[in-house]
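# An overview of the molecular structure
Residues per chain are reported as follows:
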Amino acid sequence: MRSSMACRSPTMALAMLLVSALFFVTSHASLPIPIQAAADDFLRCMSASVPGNLLFPRSSPSFASVLASSVRNPRFLGPAVVRPLCIVTATNASHVQAAVVCGRRHGVRLRVRSGGHDYEGLSFRSARPEEFAVVDLAALRSVRVTVREPAEAWVESGATLGELYHAIGRATDRHAFPGGLCPTVGVGGHLSGGGFGMLLRKYGLASDHVINAVMVDAEGRLLDKQTMGRDVFWAIRGGGGGSFGIVLSWKVRLVAVPPRVTVFTVVKTAQEGAADLLAKWQEVAPALPDDLLVRVVVQGDKARFQALYLGGRDALLPVMGSRFPELGVNPTHCKEMSWIQSVPYIYIGEAATVDDILNRTVARDSSPSKSTSDYVRRAISREVWARIFSDWLARRDAGLMILDPYGGSIAVVAEAATPFSHRAGVLYNVQYMNFWGVGGDGAAHTTWIRDMYAFMEPHVSKNPREAYVNYRDLDIGQNVVGAGDVSSFEAGRVWGEKYYSKANFRRLAMAKGQIDPRDYFRSEQSIPPLVGEQLELTSSRNVPHVDGMNAGWWPLGYGTGSVGSVLSSVLSKLMPSFF
């Protein structure tokens, strides 16, 4: 799973030279983005810059299969869906830079796909008529783990969480990474939106542990933490994907775990008092010791309590007995295993193996779905939980609710420290999901989601009604493109302040104005640029030198080496563990 940045053939060298020339023109001529996309010119530009076997225009016999390869929600594969004019399956940074430069030059915007889990499919489709291309990062999936202290990893955006976890598990049984549960989620999108899982109460968000990143910006420049500046580095760690550039790789800090952890699952039905247990859980779970997380999946007439404890069964049982005796956890419920074994156990099931998390698809990825989210800051009454079971979850086309408790480490980080603002005072996050069969229209299931969301309004956070960007929902608002062909900040506030808070959304827009003032990286819920307040930012638009070479553009030649070798040399200094 190693990606080579080096030029391997005369053809590739020539292609990279052409790309470099385009970088020069784009960076120094400040060409405007045409209103009408020149699709044919874009494809010709890409063909001159990227090997043909990595380009899949709509006319390609393989286009449909490549598009579908990372689509996790089949409802976005229908004939009415707006599809890209081309998919670029990048295998190194120069291919991504070429896509940006050609796109800017010929007025074709880019959408970026790492794992394909965007709940609204915005990484590979448009909700409105538009000519765009997709940069698919699935081939950029290298993971390199260093276990000597400080324990760290470089991981490329196209890797899945399962591939990252597997690499960590092979290297050590004393470290982990606090990301999400689903192993098929792409690292790039997950970290861009924050990311949380079974370790959130002990270690907070996945993005809280990002310590560097390598990104291609809207001018085709390759930037790291230092060269992108403090505000942009702040923005990419929780501000959502597809707004600031294309992040190729991330350097993350690993966290300590004991060699043995304990998991349990306890299922209770409505007849067994599930409503009473949920009423108690929502007060207990956020206040448990940080080493313990108990989440709940509520579906039909059942509540499934799932837990991970960073320690042994003998230490866990007294905690549950004293803090939540009503759940009735006993030794038969508990299983001890390593952290890496807990990953497939919790998400896939008891029979799953560690190697199963390397699969880039799981069964539930094949069903169309609709989702949305909420945050709860005041406990919901037992009577309301009883109504949820009787009036909502008992319906024929009902979906499910996933409840993840907060508190602990996620709550002690300041709201302004990262774009993710759902910190102190949050009891838990709610994810509403509904699935239906392939070929169905999903109308009743989608209606259930929207009606359930309306029912919950009095019982969840307010002003704003908070939401989680990685559970993206276009129903809460979409961008409006205004004057200067730029997304409106005021229109963006409608959805943006729900995801990030008022202050954080404003700061994200200012960072966008710094790195992408012309709004090249744009979607229905991308951050709009707030250009007029650029002077309030703490970092500069000027790009400093990286080890003696300007990162702003790639010259046609550098000494006796090819452009490819120069790119490889610089990348090796930015990401030494890949080489």
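Residues numbered from 1 in each chain as written. Predicted model: local features only at pLDDT ≥ 70, side-chain atom pairs only at ≥ 80, totals over all residues. Heavy atoms only, no water.

The protein is annotated in an unreviewed UniProt entry as FAD-binding PCMH-type domain-containing protein from Aegilops tauschii subsp. strangulata. Its UniProt record gives the protein a comment under Sequence similarities (unreviewed entry), which states: "Belongs to the oxygen-dependent FAD-linked oxidoreductase family." (UniProt positions renumbered as here; feature names shortened; annotations may be inferred.)

The next point concerns the overall build of the protein. Secondary structure assignment for the protein yields 18 helices and 20 strands. Going through the 579 residues of the protein one by one, you find that 61% of them count as buried. Excluding contacts between residues fewer than 6 apart, the proportion of contacts in the protein whose partners are at least 24 apart in sequence is 75%. Summed over its atoms, the accessible surface of the protein is roughly 21500 Å², and 53% of this surface lies on carbon and sulfur atoms. (Helix = DSSP H or I, 4+ residues; strand = E, 2+ residues; numbered from the N terminus. Buried < 20%, exposed > 50% of the residue type's maximum accessible area, 1.4 Å probe, protein only. Contact = heavy atoms within 4.5 Å. Areas by Shrake-Rupley, 256 points an atom, 1.4 Å probe, with all protein chains shown as cover.)

This paragraph deals with helix α17 (residues 502-515). Between its terminal C-alpha atoms α17 stretches 20 Å, which fits the 20 Å expected from 14 residues at 1.5 Å a residue. Burial analysis of α17 places ten of its 14 residues in the buried class, which makes it a mostly covered element. Considering only its buried residues, α17 is in contact with β8 (210-216), β9 (222-223), α9 (230-236) and α16 (489-500). (Expected span 1.5 Å × (residues − 1).)

The next subject is the confidence of the model for the protein. Put simply, the protein has an average pLDDT of 88, and 85% of its residues get 70 or more. Below pLDDT 50 for its whole length, residues 1-37 participates in 91 contacts with residues either more than four positions away or in separate chains. Segment residues 533-579 is flagged for pLDDT under 50; beyond a separation of four residues in sequence, or across chains, it makes 104 contacts in the model. (pLDDT = per-residue confidence, 0-100.)

Here we take up the state of the cysteines. Per the stated rule, a full pass over the model turns up one disulfide. Here Cys45 engages in a disulfide with Cys102; their sulfurs sit 2.0 Å apart. When the S-S torsion is -75°, as for the bridge of Cys45 with Cys102, the disulfide is left-handed. With Cys45 in helix α2 (residues 39-47) and Cys102 in helix α4 (residues 93-106), this residue pair connects regions lying 57 residues apart in the sequence. You can call Cys45 buried: its relative accessible area is 9%. Owing to a relative accessible area of 0%, Cys102 belongs among the buried residues under this scheme. (Disulfide = S-S within 2.5 Å.)

What follows deals with the pairing of strand β4 (residues 132-136). Along β4, five of the five residues are buried, which leaves the element largely enclosed by surrounding structure. Here β4 shows two buried faces, one formed by Phe132, Val134 and Asp136 and the other by Ala133 and Val135. Looking at chain direction, strand β2 (residues 86-89) and β4 are connected through four bridges and run parallel. By the bridge assignment for β4, Val88 is matched with Val135. The pairing of strand β3 (residues 109-113) with β4 spans five bridges and is classified as parallel. Counted as the bridge partner of Arg111 is Val134 from β4. (Pairing = 2+ DSSP bridges.)

A separate point is the sheet that holds strand β15 (residues 334-337). Ordered in space as β15-β12-β14-β13-β17-β18-β16, the seven strands form an open sheet in which the pairing is antiparallel. Strands at the two margins of the open sheet, each flanked by one partner only, are β15 and β16 (369-376). With direction set aside, neighbouring strand axes in the sheet form an average angle of 20°. As defined by bridge partners, strand β12 (residues 261-269) adjoins strand β14 (residues 302-309) across eight bridges and the pair is classed as antiparallel. (Axes fitted to C-alpha atoms, helices over the stretch in contact; angles between N-to-C directions.)

Between side chains of opposite charge, a pair can form when the charged atoms approach closely. Inspection of the entire model under this criterion finds 35 salt bridges. A salt bridge links Lys370 to Asp473; its shortest N-O distance comes to 2.7 Å. A residue pair is termed long-range when its members are at least 10 positions apart, and Lys370 in strand β16 and Asp473 in the loop between α15 (443-456) and α16 qualify at 103 residues. We note a salt bridge from Arg450 to Asp475, for which the minimum N-O separation is 2.6 Å. Of this pair, Arg450 sits in helix α15 while Asp475 sits in the loop between α15 and α16, placing them 25 residues apart in sequence. Taking relative accessible area as the criterion, Arg450 reaches 45% and is therefore assigned partly exposed. Residue class for Asp475 comes out partly exposed when judged on its relative accessible area of 40%. Taken together, the salt bridges that share partners define one network made up of Arg75, Glu120, Arg125, Lys370, Arg450, Asp473 and Asp475. (Salt bridge = Lys/Arg side-chain N within 4 Å of Asp/Glu carboxyl O.)

Moving on, we get to the environment of Ala127. Within the secondary structure, Ala127 is located in the loop between β3 and β4. Between the alpha carbons of Ala127 and Arg83 there is a distance of 9.6 Å; along the sequence they are 44 residues apart. Setting aside anything within four residues of it in sequence, one finds Ala127 in contact with Leu474 and Glu524.

Here the focus is the sheet that holds strand β5 (residues 143-146). Overall, antiparallel pairing links the five strands, which are arranged β5-β6-β10-β8-β9 in an open sheet. Each edge of the open sheet is held by one strand with a lone partner, namely β5 and β9. The pairing of β8 with strand β10 (residues 246-253) spans six bridges and is antiparallel. Across the sheet, the residue bridging to Met215 is Val247, located in β10. Strand contacts of α4: β8, β9 and β10, with the helix running at about 140° to β10, the strand carrying the most contacts. Running over the sheet, helix α5 (residues 161-171) touches β5 and β6 (152-156) and is turned about 35° from β5.

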